[in-house]
Amino acid sequence: MSSTSAPVPPVPYRLTRVGVVMSPLPGAADETEGVLNPASGRTPDGTLHLLPRLVSDGNVSRVGLAEVILIDGVPTGVERRGVVLAPDAGWERGKNNAGVEDPRVTWIPSLGRYVMSYVAYGPLGPKPALALSTDLTDWRRLGPVQFAYQPDLDTDLNLFPNKDVVHFPEPVPGPDGEPSYAMLHRPMWDLGWFRPGEGVHLPAGLTDERPGIWISYVPAAEAEADITALTRPRHHRLVALSQHPWEELKIGAGPAPIRVEEGWLLIHHGVSGSIDDPFAPQQEVSYAAGAMILDPADPGRVLARSTEPLMAPSTEQETNGTVPNVVFPTAIEEIDGQRFVFYGMADAHIGVARLDRIDG
């Protein structure tokens, strides 16, 4: 098993902060512990919305809907439209925890649906799950992702916590060359959180235990015949591991990849610092935003990668909050020809930055 270890060129894109677009509403029970890490999309009338993670007392997360306020084509705030997904299913709740967390939403025209991936924080910790919608308001759960068994990995990916699932917005070449719907995800190999002393179990061929970005596929014909096939991905493969100091602990996908002239642009997050408990709020870490270019002919192959962060925590909202020092990108939208990236700020607020290509 290999990752992108050979030198690759830098990514010709930059992020420029625009401002804060959403903060917890005083007195709102669903937001007492923060608003963060939003997905995004457009309702059938074309209106841009965020789908923020809303955190209430006890770290219980829901997915909200908030219309984006634009002034001269720039996001400046939101109007709340309620909650669209709550941890109501039994597998989204444990004895002492519950949550539907960190949604990513991708409009897939060939399926005629928005596909939401989210983290279900249930009895066995964080597990990825999918839901579908045509209007961003009404969501139908497809259920947890069930990774197909792959003998050459010598393990079962369903054993492990997994986060940062995002879908490509159109079919891409699968391992057999046939059109496939692909998803990126981030397994975590340490099972000590669940069974004390169990420790790290790595797939065959992997020697680096740091969580990295993986890709899995579903044949397009299968998903188009039965959309629940999206929950049964196969052909799992490592895409990238940590390479640089600002991402030394782990990396994970941010927003769904977007097609640019160089290939597929993936904004990702990198984490540095120290982690004692991967499932407890951290005080000694820093989350920054970077980027990769993935090969259109093989989206599991990295063509280019940022050596330095495109954006690292520096503002008051990014350095102070529920989890200090966090820039966590989760959504990209184009407004009047300009791309904007929405991101979580210290697990407490939502910010927006302009995404520009660097020419020359």
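Residues numbered from 1 in each chain as written. Predicted model: local features only at pLDDT ≥ 70, side-chain atom pairs only at ≥ 80, totals over all residues. Heavy atoms only, no water.

- As recorded by an unreviewed UniProt entry, the protein carries the name Glycosidase and is attributed to Streptantibioticus silvisoli.
- You can read under Sequence similarities (unreviewed entry) in the UniProt record for the protein the words "Belongs to the glycosyl hydrolase 130 family." (UniProt positions renumbered as here; feature names shortened; annotations may be inferred.)

### A word on the side chain of Glu31
Here is step 1 of the chain: With respect to the helices and strands, Glu31 occurs in the loop between strand 1 (13-22) and strand 2 (34-42).
Here is step 2 of the chain: Of note is the side chain of Glu31, whose polar atom sits 2.8 Å from the backbone nitrogen of Leu25. (Helix = DSSP H or I, 4+ residues; strand = E, 2+ residues; numbered from the N terminus. Polar contact = N/O pair within 3.5 Å; in protein donor to acceptor, adjacent residues only side chain to side chain.)

### Points about the environment of Leu130
Here is step 1 of the chain: Checked against the element boundaries, Leu130 lands in strand 8 (residues 125-133).
Here is step 2 of the chain: Sequence-wise, Leu130 and Ser306 are 176 residues apart; in three dimensions their C-alpha atoms are separated by 30 Å.

### Re the environment of Pro52
Here is step 1 of the chain: In this structure, Pro52 sits in strand 3 (residues 48-56).
Here is step 2 of the chain: Pro52 sits in the buried class, given a relative accessible area of 1%. (Buried < 20%, exposed > 50% of the residue type's maximum accessible area, 1.4 Å probe, protein only.)

### Brief notes about the packing of aromatic side chains
Here is step 1 of the chain: Enumeration over the complete set of coordinates arrives at six aromatic pairs.
Here is step 2 of the chain: Between Phe160 and Trp189 the ring centres are 4.9 Å apart and the planes differ by 80 degrees, which places this aromatic pair in the edge-to-face class. Of this pair, Phe160 sits in the loop between strand 9 (140-144) and strand 10 (162-167) while Trp189 sits in the loop between strand 12 (179-187) and strand 13 (213-219), placing them 29 residues apart in sequence. An identical accessibility class is assigned to Phe160 and Trp189; each is buried. (Phe/Tyr/Trp six-rings, centres within 6.5 Å; stacked < 30°, edge-to-face > 60°.)

### Structural notes on the sheet that holds strand 1
Here is step 1 of the chain: Strand order in the open sheet made by the four strands is 1-22-21-20, with antiparallel pairing throughout. The sheet is open, and its two borders are formed by strand 1 and strand 20 (327-335), each paired with just one other strand. The mean inter-strand angle of the sheet, taken between neighbouring strand axes irrespective of direction, is 30 degrees.
Here is step 2 of the chain: Here strand 21 (residues 338-345) pairs with strand 22 (residues 349-357) via seven bridges, running antiparallel. Counted as the bridge partner of Tyr343 is Gly351 from strand 22. (Pairing = 2+ DSSP bridges. Axes fitted to C-alpha atoms, helices over the stretch in contact; angles between N-to-C directions.)

### Comments concerning unusual backbone geometry
Across the chain, the bulk of peptide bonds are trans and the bulk of non-glycine residues have phi less than zero.
Here is step 1 of the chain: The phi angle at Asp336 is positive, at roughly 50 degrees, despite the residue not being glycine.
Here is step 2 of the chain: With respect to the helices and strands, Asp336 occurs in the loop between strand 20 and strand 21.
Here is step 3 of the chain: Look at Asp336 and you get exposed, because its relative accessible area is 74%.
Here is step 4 of the chain: Of note, Asp347 is a non-glycine position whose phi angle comes to about 55 degrees, a positive value.

### A few points about the pattern of salt bridges
Here is step 1 of the chain: Counted by the stated rule, this structure contains 20 salt bridges.
Here is step 2 of the chain: Of the charged contacts, one joins Arg80 and Glu31 as a salt bridge, the two residues approaching to 2.8 Å between their closest N and O atoms. Of the two residues, Arg80 sits in strand 5 (residues 74-85) while Glu31 sits in the loop between strand 1 and strand 2, which places them 49 residues apart along the sequence.
Here is step 3 of the chain: For Arg80, a relative accessible area of 30% translates into the label partly exposed. (Salt bridge = Lys/Arg side-chain N within 4 Å of Asp/Glu carboxyl O.)

### Some words on the nonpolar core
Here is step 1 of the chain: Of all hydrophobic cores here, the largest spans 26 residues; its most connected members are Tyr181 and Leu230.
Here is step 2 of the chain: Elements with a contribution of two residues or more to this core: strand 8, strand 12, strand 13 and helix 1 (220-225).
Here is step 3 of the chain: In this structure Tyr181 touches Ile108, Ser110, Leu111, Glu170, Pro171, Ser216, Tyr217, Val218, Ala220, Ala223, Glu224 and Leu230, once residues within four positions along its chain are discounted. (Core = buried A, V, L, I, M, F, W, Y, C linked by side-chain atoms within 4.5 Å. Contact = heavy atoms within 4.5 Å.)

### Concerning the sheet that holds strand 7 (residues 113-122)
Here is step 1 of the chain: Within the open sheet, the four strands sit side by side as 6-7-8-9. Their pairing is antiparallel. A single partner strand is all that each edge strand has here, and the edge strands are strand 6 (100-108) and strand 9. This sheet shows a mean twist of 25 degrees between the axes of neighbouring strands, independent of strand direction.
Here is step 2 of the chain: Looking at chain direction, strand 7 and strand 8 are connected through nine bridges and run antiparallel. The residue of strand 8 that forms the bridge with Ser117 is Leu130.

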